[in-house]
Amino acid sequence: MSDTLFPEAPSASLAARVLVDGPSELMLDYAVPPGMQDVREGCRVEIPLRGRTATGTVMTLTAPEANGPACMKEISRLINAEPLVSQQLMELARWAARYYAAPLEQMVRCLVPEPVRQERHSEKTHKVAELIRKPGIEEYNRLAAKAPRQTSILQRLKESGRAALIDLGGSAALPACRALERRGLVRILEEAEPRMPAIDEDYEPSAEMELNPEQTAALAGIVEELSAKEKRPILLQGVTGSGKTEIYLQAVSHVVSQGRGALILVPEISLTPQTLQRFRSRFASLPGTVAMLHSSLSDGERFDAWHALHSGRARIAIGPRSAVFAPVRELGLIIVDEEHDASYKQENSPRYQGRDLAVLRAHLEGAAVVLGSATPSLESIHNALCGKYRLARLDHRADGQRLPLTRVLDMRTEPRDKRYAGILSERLRMAIDKRLSRCEQSIILLNRRGFARALQCPDCGHTATCVHCSMPLTYHLTEDLLICHLCGYRAIVPRECPECHSKGILLQGFGTQKVEAVLRKAFPAARLSRIDADVARRKNAVGDILARFRARKLDILMGTQMIAKGLDFPGVTLVGVLNADLGLCVPDPRAAERTFQLLTQVAGRAGRGDVDGEVIVQTFTPHAAAIQFARRHDTDGFAEQELELRRQLELPPFFHFALLTVRSERDALAAFCLEKLHKRLSRSLPPGVSISPPAPAPLSKACGQFRHQCTLKARSARLISDFVSGELAAARLGGDITATLDIDAYSFT
Ligand code: ADP
Ligand code: ZN
Ligand code: ZN
């Protein structure tokens, strides 16, 4: 392994294949000049390109092609002698680029963030001595006899592997280090001065808790995998409040005490402040060990955090999906918290799934990986059921509290006050009122996703669905048609409900602002705040609101699914869900799964203090499986039924879907190009791949561009990406047209 990690210094006859920075995806071969012994795969270099100097990353070192151009240009400068990217991360990028049909340059860019590529904020450097070879006994004795200073430095380095020159005696130690370097025992590196961002300071170290028997068994399973040769990913399925985080902390401690590193992925950071705090305080006694990689870091902080990990000074990285590429050294363990969370899927190019890449990275690095959730994704449950993953379960709350009581209100018959636009039932209004009078807090959740408009009958709850794949149909105003976005089926809009013949059949949907207005009208004296995507765009807004809510300066917190994540508010005794079934009306094969997860997660937010919690769910489809199983907190029951349905309907995880979207400022042009592309793909479709007819996207116009799309489906995602990326490259779209392929898509709007 180690000789692939640090290949022999290349001889002068080698050529380096360099991926040039920039959007053009150039991959060019350059000669390695004789004096440049240190070039390795993953190094950053300067190269001549069309009369100027460009920068790039060395992807491979090869013998130059025999019949290649004899006058290959030479690399002009080695930027970092130390490769910035490890072999395993390079392999991860290659694999991801192929699987997600994404340009390799984009994936490599994920590995080396912009400030690091630009070498910005690295003005201050210092020297570090690193042991590269241990002397033999004879050599050591000879050295000890005549060079005591070198010997003592060697002793120091034998313990730690590396040390800053300043710790070895400063510039006085430099001659001795240089002498060791000449002997080939040590190398001296220039590294960015450690300027860790404000970390760890205000945290009291927290002690490990004594684990209960369920937790003990789960941790033992993780420890067993850590030392296993053939490691299986671990699915940690534990109800909300069962003490998963405590297990993560102890597993990470274990790994760090062995001198290895750990990577913890969390959903959007502003929504998971508690998890971060708990990691910070647990490791507060080891200052600088934890590096946070969140999106609001400045360039300088990002540079520092990245180099702290890369140099091995920081051993633990915590961050959102992009942190899956964090340069943690000697990675021993990856944890993916709330592994079902859709925020692990990147929704712009490169469109990767962070959780899936975490599993792959663990495999490539020989690390263990834990996927934790109260409501795991059906992909992961499926993998556990068929033995690919090892299952660890926590079925009880660690604090011994009961799970809250969930009440489902049938909105078809529930009394509603006209003043509240049918949004608020009388019973939910009274429940909120009761909390206000007792100075307890309420969370009001709006289950709204995307922009899809579905048809639902307010009298019987009937939803218009596809006759082929039972997906909810989406209404398209321009065509006045209902369209299935998985298979392309089209239907005319019924004028009355096909079930109960009610003429009141309507397009569902109301926004968070409308709900806020209704709540303010119903509870004029209440202190109320809203969190949704609009609010989240303002810097720190979400964190401020959550902090105020935690400090009980707010009575009611309302918002979209964003507020259902990993939050722990002892003051909350009521959670109201306004339109539980609306999330079921989106054209998404995971709609039921997500609604189940949302309802279960949000129910876990109620009653974490001393008072029992209550959950009230308003719905037009009270018998929907997602709602009933969530009411009983029955993840196994839901998974069993939903997986069977998915198997029959050929949906994920049994089949992979990829969404092909063509965008243009001109509607007709986007439609025409997709039509052409679709014909081309249909002609050469490999066996096992199917394609739906082209259609306007549910969100037919966004950011000034019209969008048309079709869906590809196969048992293997690679079958789709290999096929389509080839065809896309050949299709030459031109103009303002862009075509994107979203493998294992999460959003079909
Ligand atoms: P989860 O991550 O599964 O939602 P947490 O780790 O947040 O659960 O634990 C829920 C609560 O239970 C926390 O307040 C935590 O401090 C407490 N807890 C966890 N493990 C134990 C334990 N072994 N003994 C007592 N309390 C515990
Ligand atoms: Zn009806
Ligand atoms: Zn369909």
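If you're wondering where the values come from, they're calculated on a predicted model, not measured in any experiment.

### As for a positive patch on the surface
Right, on to step 1. A contiguous patch of positive charge, built from Arg142, Lys146, Arg182 and Arg183, is present on the exposed surface.
Right, on to step 2. Checked against the element boundaries, Arg183 lands in the loop between helix 7 (174–182) and strand 8 (186–192).

### Some points on helix 22 (residues 717–731)
Right, on to step 1. The end-to-end C-alpha distance of helix 22, which contains 15 residues, comes to 21 Å, matching closely the 21 Å that a straight helix rising 1.5 Å per residue would cover.
Right, on to step 2. All of the buried residues in helix 22 are Ala717, Ile720, Ser721, Phe723, Val724, Glu727 and Ala731.
Right, on to step 3. In the core, the buried residues of helix 22 are packed alongside helix 2 (87–99), strand 27 (656–664), helix 21 (667–683), strand 28 (689–691), strand 30 (705–714) and strand 31 (738–743).
Right, on to step 4. Between a side-chain oxygen at the N-terminus of helix 22 and the backbone nitrogen of Arg718 the separation is 3.3 Å; the capping residue is Ser716.
Right, on to step 5. Arg732 lies just past helix 22 and shows a positive phi near 45°.

### What to know about the nonpolar core
A general trend in soluble globular proteins is that nonpolar side chains are found buried together.
Right, on to step 1. Counting residues in each nonpolar core, the largest one holds 95 residues, and the members touching the most others are Leu263, Leu357 and Leu712.
Right, on to step 2. Among the elements that line this core, the one with the most residues is helix 2, at seven residues.
Right, on to step 3. Leaving out residues up to four positions away in the same chain, Leu712 has contacts with His656, Phe657, Ala658, Leu660, Val689, Ser690, Ile691, Ile720, Phe723, Val724 and Leu741.
Right, on to step 4. Ile545, Leu546, Ala603 and Ala626 belong to the second largest nonpolar core, which has 35 residues in total.

### Here's the deal with the side chain of Thr621
Right, on to step 1. If you trace the backbone, Thr621 turns up in the loop between strand 26 (614–619) and helix 19 (625–631).
Right, on to step 2. Ignoring any residue separated from it by four or fewer positions in sequence, one finds Thr621 in contact with Gln456, Gly461, Asp581, Leu584 and Ile627.

### Re the site of ligand 1
Right, on to step 1. Surveying the vicinity of ligand 1 reveals 16 residues, the closest of which are Glu210, Gln215, Lys244, Thr245 and Arg278.
Right, on to step 2. Ser242 places a main-chain nitrogen or oxygen 3.3 Å from an oxygen atom of ligand 1.
Right, on to step 3. Between ligand 1 and Arg278, the relevant distance is 2.8 Å, taken from an oxygen atom to a side-chain nitrogen or oxygen of the residue.
Right, on to step 4. Per-element accounting of the shell around ligand 1 gives the leading share, three residues, to helix 9 (residues 244–257).
Right, on to step 5. Of the residues in the shell around ligand 1, the class split is four nonpolar, seven polar and five charged.

### A few points about the sheet that holds strand 5 (residues 77–78)
Right, on to step 1. Spatially, 2-1-4-3-5 is the arrangement adopted by the five strands of the open sheet, whose pairing is antiparallel. Lying at the two open borders of the sheet, with one neighbouring strand each, are strand 2 (27–31) and strand 5.
Right, on to step 2. On top of the sheet, helix 3 (residues 104–111) reaches strand 1 (15–20), strand 2 and strand 4 (52–62); it is set at about 85° to strand 1, its chief contact.

### Some words on the packing of aromatic side chains
How two aromatic rings sit relative to each other is set out by the distance from centre to centre and by the angle between their planes.
Right, on to step 1. Tallied over the full model, the rule gives seven aromatic pairs.
Right, on to step 2. Between Trp95 and Tyr99, the ring centres sit 4.8 Å apart and the planes meet at 15°, which makes this aromatic pair stacked. With Trp95 and Tyr99 both in helix 2 and four residues apart, this pair spans about one turn of that helix.
Right, on to step 3. The partly exposed category is assigned to Trp95, whose relative accessible area is 29%.
Right, on to step 4. Looking at Tyr99, the relative accessible area reads 10%, which means it is buried.
Right, on to step 5. Measuring from centroid to centroid gives 6.3 Å for Phe629 and Phe638, while their planes differ by 65°, and the two rings are edge-to-face.
Right, on to step 6. Stacked on the ring of Tyr746, the Lys or Arg Arg590 has its end atom at 4.2 Å from the ring centre.

Thresholds, definitions, all that
- Residues numbered from 1 in each chain as written.
- Chains lettered and ligands numbered in written order.
- Predicted model: local features only at pLDDT ≥ 70, side-chain atom pairs only at ≥ 80, totals over all residues.
- Heavy atoms only, no water.
- Patch = residues over 30% accessible without salt bridge, like charges linked within 9 Å, V, L, I, M, F, W, Y side chains within 5 Å.
- Areas by Shrake-Rupley, 256 points an atom, 1.4 Å probe, with all protein chains shown as cover.
- Salt bridge = Lys/Arg side-chain N within 4 Å of Asp/Glu carboxyl O.
- Lys, Arg positive; Asp, Glu negative; His and termini not counted.
- Charge placed at Lys NZ, Arg CZ, Asp CG, Glu CD.
- Helix = DSSP H or I, 4+ residues; strand = E, 2+ residues; numbered from the N terminus.
- Expected span 1.5 Å × (residues − 1).
- Buried < 20%, exposed > 50% of the residue type's maximum accessible area, 1.4 Å probe, protein only.
- Contact = heavy atoms within 4.5 Å.
- Polar contact = N/O pair within 3.5 Å; in protein donor to acceptor, adjacent residues only side chain to side chain.
- Core = buried A, V, L, I, M, F, W, Y, C linked by side-chain atoms within 4.5 Å.
- Near = heavy atom within 4 Å.
- Nonpolar A, V, L, I, M, F, W, Y, C, P; charged D, E, K, R; others polar.
- Pairing = 2+ DSSP bridges.
- Axes fitted to C-alpha atoms, helices over the stretch in contact; angles between N-to-C directions.
- Phe/Tyr/Trp six-rings, centres within 6.5 Å; stacked < 30°, edge-to-face > 60°.
- Lys NZ or Arg CZ within 6 Å of the ring centre and 35° of its normal.

Keep in mind these values describe shape, not function.
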